[in-house]
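Chain residues, written in single-letter form:
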Amino acid sequence: MAYHKNWQCGYGNRCRERGDYLLSNIIGMYYLLDTFQIVIKNVFQIAGAGRAFINYMIMAVMAALLFVGIRIIWKRNGRKFFIWETAFLFLYMKSVVINGVSVSFLFSTMVWTLGACIPLGVCACSVYNKEILLHTFVRYSYFQSALLWCLVVVQPPGNGFYNMAAGYALLIPALVFYTVFLKEKKILYLAMSLVSTCLIFIYGSRGPLLGIAVFFLVNIFFYPGRTRKDMWIKLAALFGVMLVIAGWEDMLLFLTRTFVALGISSRTLQTLISGTIAVSGGREVLFQYYWEAVMRRPACGWGLQGGWIGAGEGPHNMLLEIVLAFGIPVGITVSVVLCLLFMIAAFGKKSPERDVAFLFACASFSMFLVDGDWLEKPKLFLFLMLAAGMFKGVPRTRRINRDG
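Residues numbered from 1 in each chain as written. Predicted model: local features only at pLDDT ≥ 70, side-chain atom pairs only at ≥ 80, totals over all residues. Heavy atoms only, no water.

A. Highlighting the overall build of the protein chain. Across its full length, the protein chain holds 16 helices and zero strands. For the protein chain, the proportion of contacts with a sequence separation of at least 24, taken over those separated by at least 6, is 76%. (Helix = DSSP H or I, 4+ residues; strand = E, 2+ residues; numbered from the N terminus. Contact = heavy atoms within 4.5 Å.)

As structure tokens, this is what we get:
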């Protein structure tokens, strides 16, 4: 894959390319490590202190990797890095001092935000050539997919086996392969993405399927095709949708019989058959509770993770979580900005920047509806910074030439 064929020759451009590869590999390594810890925890049934130890080990490795790349990050986007870190540190301090949120309750989330989410987001937008970033993800996605597929062999998804973390971990490799398939039309990429999508379906995670659905809705039906292959892909997708609609009940019956014969019990398939696919699983109770909490402090909010029932028991909706933290005026403003950034990533001018930004926008889509804990999700920060970066042009050559 010739990422640099249109680049000008010169020492400065070679330095820029090396920097892009380094930063891209740091992000790819994070997702590979995250996948590795999911597999290890499930294969060896690690719980309690063992899980915490693995998490700290991975954070230590990521800290070392970010330390290696910090010089390039600082040269390229030092001001942005400083502003984001300072702003969120201030918000965390405000939550403790003014809103009275426990330091021990916030500490883990703060470490994730300041130590992983923001650095990885700035790292992504510091990559000048997004083609390098995208195809670095491709290489890591092969390893991620292979590791997660091993769970099917080691831990067959029978008897209602369900793993939400693995389902979400499969989402980014699936979206990466779909993205490069639409660009390069290689059957291998389509096969890899379809296998990952099937495993997401089997694992029972409905949230990742939302992201894949939005990805196809925008790219296949709303984005103009430029070649004959694009038109054939759109026609095939349209025919497939019509076929599924026409034979919906027969398809469900076929899948049920096939899964039973293979000893597979899919939670998602069961919810489709029972008609409960859209049921929130108790989230409506949390929504009502937290909306009442919002109305008790509508102006200023409760601060970051303020007003929560407990760790991991937040609103399960990013927009509601933001309104709860900042109050209605600021919370709605921030929510509107997030939605606008999503639209920019979805319908921006076709480019590698748009492809990578929309990939992570789709990976984060479930957070707008049924997922939360946004302060601990690097994929959201990658989406936000990449989408915001679509407003900016290429940095000046003088600055590029002295980057490492």
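B. Representation of the layout of surface pockets. Here the second largest pocket defines a volume of roughly 1,400 Å³. Residue assignment for the lining of the second largest pocket shows that the elements contributing at least two residues are helix H1 (11–43), helix H2 (49–97), helix H3 (103–125), helix H5 (164–184) and helix H15 (378–389). Here the element with the most residues in the lining of the second largest pocket is H1; it accounts for eight residues. (1 Å grid on protein atoms, 1.4 Å probe; cavity = no way out; pocket = protein on both sides within 12 Å on 5 of 7 lines; lining within 4 Å. Points joined across faces, edges and corners; volume = space filled by probe spheres on them.)

C. Local environment of the environment of Glu184. Within the secondary structure layout, Glu184 lies in helix H5. There is a polar contact of 2.7 Å between the side chain of Glu184 and the side chain of His135. (Polar contact = N/O pair within 3.5 Å; in protein donor to acceptor, adjacent residues only side chain to side chain.)

D. Layout of empty space enclosed by the protein. All told, the structure shown has three cavities of 30 Å³ or more when counted by the stated rule. In this structure, the largest cavity occupies an estimated 50 Å³ of space. Along the walls of the largest cavity sit Thr179, Leu182, Phe215, Asn219, Lys350, Arg354, Asp355 and Phe358, which together make up its complete lining. No other element matches the three residues that helix H14 (residues 352–363) contributes to the lining of the largest cavity. Its residues assigned to classes, the lining of the largest cavity shows three nonpolar, two polar and three charged. (Nonpolar A, V, L, I, M, F, W, Y, C, P; charged D, E, K, R; others polar.)

E. Highlighting the confidence of the model for the protein chain. Averaged over every residue, the pLDDT of the protein chain is 83; residues scoring 70 or more account for 79%. Below pLDDT 50 for its whole length, residues 1–9 participates in 17 contacts with residues either more than four positions away or in separate chains. Contacts from residues 393–403, a stretch scored under 50 in pLDDT, to residues over four places away or in other chains number 18 contacts. (pLDDT = per-residue confidence, 0-100.)

F. Broad picture of the pattern of salt bridges. Per the stated rule, a full pass over the model turns up seven salt bridges. Between Lys350 and Asp355 there is a salt bridge, with the nearest N and O atoms lying 3.3 Å from each other. With a relative accessible area of 4%, Asp355 lands in the buried category. (Salt bridge = Lys/Arg side-chain N within 4 Å of Asp/Glu carboxyl O. Buried < 20%, exposed > 50% of the residue type's maximum accessible area, 1.4 Å probe, protein only.)

G. Looking closely at the nonpolar core. Residues Ile27, Leu304, Phe358, Phe360, Trp374 and Phe383 are the most contacted members of the largest nonpolar core, which totals 93 residues. In terms of residue count, H5 provides more of this core than any other element does, 13 residues in total. Of all hydrophobic cores here, the second largest spans nine residues; its members include Ala293, Trp302, Leu320 and Leu324. (Core = buried A, V, L, I, M, F, W, Y, C linked by side-chain atoms within 4.5 Å.)

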